[in-house]
Amino acid sequence: MDMQTGLHGQAILTINAGSSSIKFSLFLVPQLNQIIAGQIDGIGGEVRFKVKLASKSTEETIAWPSASRPQNHREALSFLIDWLHQFAKDIEVVAVGHRVVHGGQKYSAPTLISDEVMEELDALMILAPLHEPHNLAGIRAAQESFGGIPQIACFDTAFHRTHSFVDDCYAIPRYFYEKGVCRYGFHGLSYEYISDRLLQMYPKEALKKVIIAHLGNGASMTALNNGHSIASTMGFSSLDGLPMGTRCGEIDPGVLLYMMQHEGMDAGQIAQILYQESGLKGLSGGLSNDMRTLEESDLPEAKEAIDYYVKEVKREIGALTALMAGLDVVVFTGGIGENSAAIRGRILREMAWIGIDLDEDRNLNGEVNISSDASRVLCLKIHTDEERIIARHTLELSNNTTVKNKASNV
Ligand code: AMP
């Protein structure tokens, strides 16, 4: 046993590779106790490496050796793996689970990665050009570093593959649908975790008409009937629906035509505006994409950005309720949903007409149930844990693989 950390045994590594960051966690098998969580930020620039041990309450910043500045995900991951080998040298990583943003129309469940799967995922890159290349780079880097251990892809779109054609199509010529131009919905790993928790905590209500609001830097809402996603505010890309930190949310496509035809902007410039310069940041006049900064600001633009945010959440709760013909449960999650009592309070107070009775004290105290006992709609605040869902699927699929491999050896 490693005397320094006391960590030993077999573990699953989860990897969530973003545009310039890699989030990772280690979970001991088979109980899936999370022992380490961390993040490498600023890949390609000023890099930072933060780690939190489950046994300690504080996060530690790990210094990079000055000679090593990872320029890409492969270099960052290889540094991370070397660090893990030294720091937790008695931990054996037995499988790696990856968050993959887009699984297209085909992937409706976590999948063991093979060369054939990688080829198909490469072809899906055009559907999520800002995210998918980093996810796939993370997989390739892990394959190089870990050799033959099982690598599992867990898709953000998979949870929504229960939608009907009408819930997923756009009213454009049908051949676009055949080419994959349809609503996919995202944040599926978060929704899966929350719906599992809901089933454990409120088994009867979990199977009724539920809206989950994932309000983080990215934001979307999903309607669940009988535990299955029937509609989501995000569509073909992660731009649609609610306004986000820097993404625009719902927008008239005529605005994009205007940008092209009258402002002379090309696709790259428009993408930059819609993904990086819009949402809370754009509406607050560039002040911030962070809800905390806006809540603390006296600027009228900050107040208007929050007003627009609340208005759009209310509008989408109304729309999703109409699709389900009723509403029994609302769950808030994500950085804003979990931490801002003010935003939750405003949304729920202003939706009282739908049968919501907010309990102000419970909301301010951050309790799980924030509605009053008399409320017809149960309102909850639940912490999401996408890494744990990835670890769970990875354990399940890698166990199956081990069993199959053993069987084929007989
Ligand atoms: P996430 O993407 O789920 O990590 O959420 C990140 C976002 O949550 C940040 O950009 C903040 O806008 C928001 N956030 C985190 N803590 C708070 C808080 N205490 N109050 C308001 N917003 C918060």
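Here is a short report on the structure shown in this document. Numbering of residues starts from 1 in each chain and follows the order in which that chain's sequence is written. Owing to the predicted nature of the model, reporting of local features is limited to residues with pLDDT of at least 70; listing and counting of side-chain atom pairs is limited to 80 or more, with chain, interface and lining totals taken over all residues. To obtain the side-chain values, all non-hydrogen atoms of the structure were included, while hydrogens and water were left out.

1. Some words on the overall build of the chain
Point 1. A count of helical and extended segments in the chain gives 16 helices and 13 strands.
Point 2. Compactness check: the chain gives a C-alpha radius of gyration of 22 Å against a globular reference of 22 Å for 410 residues, within 12% of the reference.
Point 3. For the C-alpha atoms alone, the extent of the chain along its principal axes is close to 60 × 55 × 50 Å.
Point 4. Burial analysis of the chain (410 residues in total) assigns 50% to the buried set.
Point 5. Sequence separation of at least 24 residues holds for 62% of the intrachain contacts in the chain that already meet a minimum separation of 6.
Point 6. The Shrake-Rupley method, run with a 1.4 Å probe sphere, supplies the accessible areas, and residue values consider only the shown protein chains as cover. In the form shown here, the chain has an accessible surface area of approximately 19,100 Å², with 52% of it arising from carbon and sulfur atoms.
Point 7. Positive charges are assigned to Lys and Arg, negative charges to Asp and Glu, while His and the chain termini are left out of the count. For the purpose of locating charges, the reference atoms are NZ of Lys, CZ of Arg, CG of Asp and CD of Glu. The chain carries 36 positive and 51 negative side-chain charges, and their two centres are separated by 3 Å. Secondary structure elements are defined from DSSP: runs of H or I of at least 4 residues count as helices, runs of E of at least 2 residues count as strands, and each element is numbered from the N terminus. Put simply, the radius of gyration uses C-alpha atoms, and a globule should come to 2.2 Å times the residue count raised to 0.38. For every residue, the accessible area obtained with a 1.4 Å probe (protein chains only) is divided by the maximum for its type, and the residue is called buried under 20%, exposed over 50%, and partly exposed between those limits. By definition in these notes, contact holds between two residues if any of their heavy atoms fall within 4.5 Å.

2. Here we look at the sheet that holds strand E4 (residues 48–53)
Point 1. Any two strands with at least two DSSP bridges between them are considered paired. With mixed pairing, eight strands are arranged side by side in an open sheet as E5-E4-E3-E2-E1-E6-E8-E7. Unpaired on one side and paired on the other, strand E5 (59–62) and strand E7 (111–112) mark the two borders of the sheet.
Point 2. Direction of pairing for strand E1 (residues 9–17) relative to strand E6 (residues 91–100): parallel, over a ladder of seven bridges. When the bridges of E6 are listed, Leu 13 appears paired with Val 96.
Point 3. Axis lines are fitted through C-alpha atoms, for helices just across the contact stretch, and the angle between N-to-C directions can take any value from 0 to 180 degrees. Packing of helix H3 (residues 132–146) onto the sheet brings it into contact with E1, E6 and strand E8 (151–155), and relative to E6 it is tilted by some 160°.

3. Things to note about the sheet that holds strand E10 (residues 219–225)
Point 1. Here we have five strands laid out as an open sheet, ordered E11-E10-E9-E12-E13, and mixed in their pairing. The sheet is open, and its two borders are formed by strand E11 (228–232) and strand E13 (378–381), each paired with just one other strand. Within the sheet, the average angular offset between the axes of one strand and its neighbour, ignoring direction, is 25°.
Point 2. Packing of helix H12 (residues 300–324) onto the sheet brings it into contact with strand E9 (209–215), E10 and E11, and relative to E10 it is tilted by some 20°.
Point 3. The strands touched by helix H14 (residues 341–350) within the sheet are E9, strand E12 (329–333) and E13, with E12 carrying the most contacts at an inclination of about 160°.

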